[in-house]
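For reference, the chains in residue letters:
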Amino acid sequence: MKAVRIKLYQNMVNYRKELSYGYVQTYPLPTPSMVKGMAHSLLNLNKYHNLKISIQGNYASVVTNMQKVYKFDRVRDDKKREFIDPRPRIYAGGQRVLNQGIMFVDEIVDMELILHISFDDEGLNDKLLEALKQKTVILGRNEDIARVDFEDTSLVDILSFSDEYRLPYNIYLAPELCKKEQLEGTCYRLPFYYEPVNSFTDKRIFRYVNAIYIAKGNKIQYSEINVDSDRYIVSFLSI
């Protein structure tokens, strides 16, 4: 099997947890849905293509940033109750009301990521590698631009490995592997992708994958794992 290995650096980034408002929390690493979205966007794909994703990375610290936010919300007049939305109105492609306030946002500092992406359609792997050389990579929020380290970004072979292995990066691992190795970490149910929707107002029905966040320095010694040709561990998440 082949995969695209991508090494990224992000200065200050937030991988937002769902349903965190006011105080916006972050996952310790990007979720599979974020990486899937990044890859599909780089390839200009307008429908889901099945893929496997491995995510690992290290960071220096986490800070909490206080931000002033402006939000253009829909007007909430209610004619039946004779209620008129009192908030200031502006025109933004239609009538909108303006909200503003303070929000606290967790931001990860100096994130170094190692991603492995393998599409079922192997031709997309080659196209993804080319797209990385030509386009701006964004992972997380719209402002979270990533720098690509091209020296460690390439198409690699995925190989079996059965010797003792100490994790050089924090990583999402499969629960079965962690149970066998008796590794302790944080359990996550991570979004992978959502079913196609027809409009902005349709509900997004996500499909999830279970994973455990394991800190670097832990050791794998009883299981066969996958590594790439440069001995980076590869822990594919897929559905």
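Keep in mind that this is a model prediction, so the values were computed, not measured.

Counting its secondary structure elements, the protein chain contains three helices and 16 strands. Overall, the protein chain is about 70 × 35 × 30 Å in size when its C-alpha atoms are taken along their principal axes. Out of the 239 residues belonging to the protein chain, those deemed buried represent 42%. Contacts spanning at least 24 positions in sequence make up 79% of the contacts within the protein chain whose residues lie at least 6 apart. Of the roughly 13900 Å² of accessible surface on the protein chain, 48% is carried by carbon and sulfur atoms.

Considered for burial, the residues of helix H2 (residues 122–134) that qualify are Leu124, Asn125, Leu128, Leu129, Ala131 and Leu132. One face of H2 carries all of its buried residues, which in axial projection span an arc of 165 degrees. Exposed residues lying more than 90 degrees from the buried face of H2 are Lys127, Lys133 and Gln134. Looking at the buried side of H2, the elements it contacts are strand S1 (2–13), helix H1 (32–42), strand S6 (95–119), strand S7 (137–138), strand S8 (145–148) and strand S9 (154–161).

Another point: the pairing of S1. Relative to S9, S1 runs antiparallel, the two sharing four bridges. What sits directly across from alanine 3, in S9, is valine 156. Note: S1 against S8, two bridges, orientation antiparallel. Bridging across to S8, leucine 8 finds its partner in valine 148.

The next subject is the side chain of serine 118. Topologically, serine 118 is positioned in strand S6. Exposure remark for serine 118: the relative accessible area of 5% places this residue in the buried category. Within the structure, serine 118 has its side chain in polar contact with the backbone oxygen of lysine 2 (distance 2.9 Å). Dropping the residues within four chain positions of it, serine 118 is found in contact with Met1, Lys2, Ala3, Leu51, Lys52, Asn125 and Phe236.

Interface size is often expressed as the accessible area that is lost when the parts come together. Taken as a whole, the protein chain is organised into domain 1 (2–65 + 104–234) and domain 2 (66–103). The gap between the C-alpha centroids of domain 1 and domain 2 is 36 Å. Interface area, domain 1 with domain 2, both sides summed: about 480 Å², of which 57% is carbon and sulfur. If you sort the residues of domain 1 by the area they bury against domain 2, Asn65, Phe104 and Val105 come out on top, with a joint share of 73%.

Moving on, we get to the environment of tyrosine 23. Inspection of the secondary structure puts tyrosine 23 in strand S2 (residues 23–24). Taking the C-alpha atoms as reference, tyrosine 23 lies 4.6 Å from phenylalanine 104; in sequence the two are 81 residues apart. Ignoring anything within four residues of it in the chain, the contact list for tyrosine 23 reads Thr64, Phe104 and Asp106. Engagement of the side chain of tyrosine 23 in a polar contact is seen with the side chain of aspartate 106, the distance being 2.9 Å.

On to the state of the cysteines. Applying the stated rule across the entire model yields zero disulfides. Take cysteine 178: it sits in no disulfide, and the sulfur closest to it among the cysteines is that of cysteine 187, at 8.1 Å. Cysteine 187 gets classed as exposed once you look at its relative accessible area, which sits at 61%.

About the criteria used
- Residues numbered from 1 in each chain as written.
- Predicted model: local features only at pLDDT ≥ 70, side-chain atom pairs only at ≥ 80, totals over all residues.
- Heavy atoms only, no water.
- Helix = DSSP H or I, 4+ residues; strand = E, 2+ residues; numbered from the N terminus.
- Buried < 20%, exposed > 50% of the residue type's maximum accessible area, 1.4 Å probe, protein only.
- Contact = heavy atoms within 4.5 Å.
- Areas by Shrake-Rupley, 256 points an atom, 1.4 Å probe, with all protein chains shown as cover.
- Arc of directions from axis to C-beta.
- Pairing = 2+ DSSP bridges.
- Polar contact = N/O pair within 3.5 Å; in protein donor to acceptor, adjacent residues only side chain to side chain.
- Domains from an automatic or database assignment.
- Buried area = accessible area lost by both parts, 1.4 Å probe.
- Disulfide = S-S within 2.5 Å.

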